[in-house]
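A structural walkthrough
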Amino acid sequence: MVRAGLTTDRVVEAAADLADSIGLDKVTVSALARGFGVKDASLYSHVRSVQDLRTRVALLAAGEFADRLGTAVAGRAGKDALVAFADAYRAFALERPGRYAATRIRLDPAVVAESSAYHRTIEIIYAMLRAYDLTEPDFTDAVRLLRSTFHGYSALEANGGFGAPRDVQASWQQCVEALHVVLERWPSAQRSGEGENDGSAGRGC
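Calculation rules
Residues numbered from 1 in each chain as written. Predicted model: local features only at pLDDT ≥ 70, side-chain atom pairs only at ≥ 80, totals over all residues. Heavy atoms only, no water. Helix = DSSP H or I, 4+ residues; strand = E, 2+ residues; numbered from the N terminus. Buried < 20%, exposed > 50% of the residue type's maximum accessible area, 1.4 Å probe, protein only. Contact = heavy atoms within 4.5 Å. Areas by Shrake-Rupley, 256 points an atom, 1.4 Å probe, with all protein chains shown as cover. pLDDT = per-residue confidence, 0-100. Axes fitted to C-alpha atoms, helices over the stretch in contact; angles between N-to-C directions. Parallel < 35°, antiparallel > 145°, perpendicular 65-115°, else oblique. Nonpolar A, V, L, I, M, F, W, Y, C, P; charged D, E, K, R; others polar. Core = buried A, V, L, I, M, F, W, Y, C linked by side-chain atoms within 4.5 Å. Phe/Tyr/Trp six-rings, centres within 6.5 Å; stacked < 30°, edge-to-face > 60°.

Check the secondary structure of the protein chain and you find ten helices and zero strands. Moving toward the C terminus, one meets the helices and strands of the protein chain in the order α-α-α-α-α-α-α-α-α-α. Overall, the C-alpha framework of the protein chain stretches about 60 × 45 × 30 Å when taken along its three principal axes. The buried share of the protein chain, taken over its 205 residues, is 40%. Put simply, of all contacts in the protein chain between residues at least 6 apart along the chain, 71% involve residues at least 24 apart. Looking at the protein chain as shown, the accessible area adds up to about 11100 Å², and 52% of this sits on carbon and sulfur atoms.

Given below as structure tokens:
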């Protein structure tokens, strides 16, 4: 990295790249400054603190994640959209581990509310699931199932958690196929006499 021409965008993108390389929890202003060949103080004109830096990385990552998901599902519906969404989710988590970790951190609700990236992600999820004709609270329940499955599988795979000889990609495909079957036969909570929508979908499920 060169010293001249520092901007907030460059600093945040460098922090995201560093997170992918060494882990989000190890990204500090000092570590980033060393990469740019400057003193810590030089970066504080661009970010207020390490928390501010990580928040900015989270927003950058959320935008890139939404772009990846949106491109994957564009023009697709039903099972094709689900498979494309799932594959894009897993690929991002494995290829961009620091960025993906940043999308998982809890942010100030006001920051999330002002982020177009988070809103786009919710819209993409709605579009992806539209063919399954889910209403609340079933939609929120279904999103929580998908999110738990995709996150859990990706985390285990990234950490070498699958030790059986079965091909990991083959298992992934079967998992997504099983999710499709579940979504098609979703047991309605309304038929079970459960309550109305609690608004969870709007908060990211």
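So, on to the confidence of the model for the protein chain. Overall, the prediction assigns the protein chain a mean pLDDT of 91, with 90% of residues at 70 or greater. Under a pLDDT of 50 for its full length, residues 199–203 has, in the predicted model, ten contacts with residues more than four places off or in other chains.

All right, on to the environment of arginine 147 then. You can see arginine 147 is positioned in helix 9 (residues 138–158). For arginine 147, a relative accessible area of 37% translates into the label partly exposed.

Interaxial distance between helix 1 (residues 8–22) and helix 2 (residues 29–36) falls to 10 Å at its minimum, and their mutual angle equals 105°. With respect to their mutual orientation, helix 1 and helix 2 come out roughly perpendicular. Between helix 1 and helix 2, the contacting residues are Arg10, Val11, Ala14, Ala15 and Leu18 on the first element and Ala31, Leu32 and Phe36 on the second. Considered class by class, the residues forming the contact of helix 1 with helix 2 number seven nonpolar, no polar and one charged.

We now examine the nonpolar core. By size, the foremost hydrophobic cluster in this structure holds 32 residues, and its most contacted members are Leu82, Phe85, Met128, Leu129, Leu146, Phe150 and Leu183. Going through the elements one at a time, helix 4 (50–73), helix 5 (78–95), helix 8 (116–129), helix 9 and helix 10 (168–184) are the ones with two or more residues in this core. Among the elements that take part in this core, helix 5 stands out by supplying nine residues, more than any other. Beyond its immediate stretch of four places on either side in the chain, leucine 183 contacts Leu82, Leu129, Tyr132, Leu134, Ala142 and Leu146. Counting residues in each nonpolar core, the second largest holds 25 residues, with Val11, Phe36, Val38 and Ala117 among its members.

The next thing to look at is the packing of aromatic side chains. Aromatic rings in a pair are described by how distant their centres are and how their planes are angled relative to each other. A full pass over the atoms with the stated rule returns ten aromatic pairs. Ring plane angle 50° and centroid distance 5.8 Å describe the contact between phenylalanine 150 and tryptophan 172, whose orientation is recorded as tilted. Taken as a pair, phenylalanine 150 in helix 9 and tryptophan 172 in helix 10 lie far apart in primary sequence, 22 residues in all. A residue is classified by how much of its surface remains accessible, and phenylalanine 150, at 1% relative accessible area, is buried. Taking relative accessible area as the criterion, tryptophan 172 reaches 1% and is therefore assigned buried. What links up through ring pairs into an aromatic cluster is the set Phe65, Phe85, Tyr89, Phe92, Tyr100, Phe150, Tyr153, Phe162 and Trp172.

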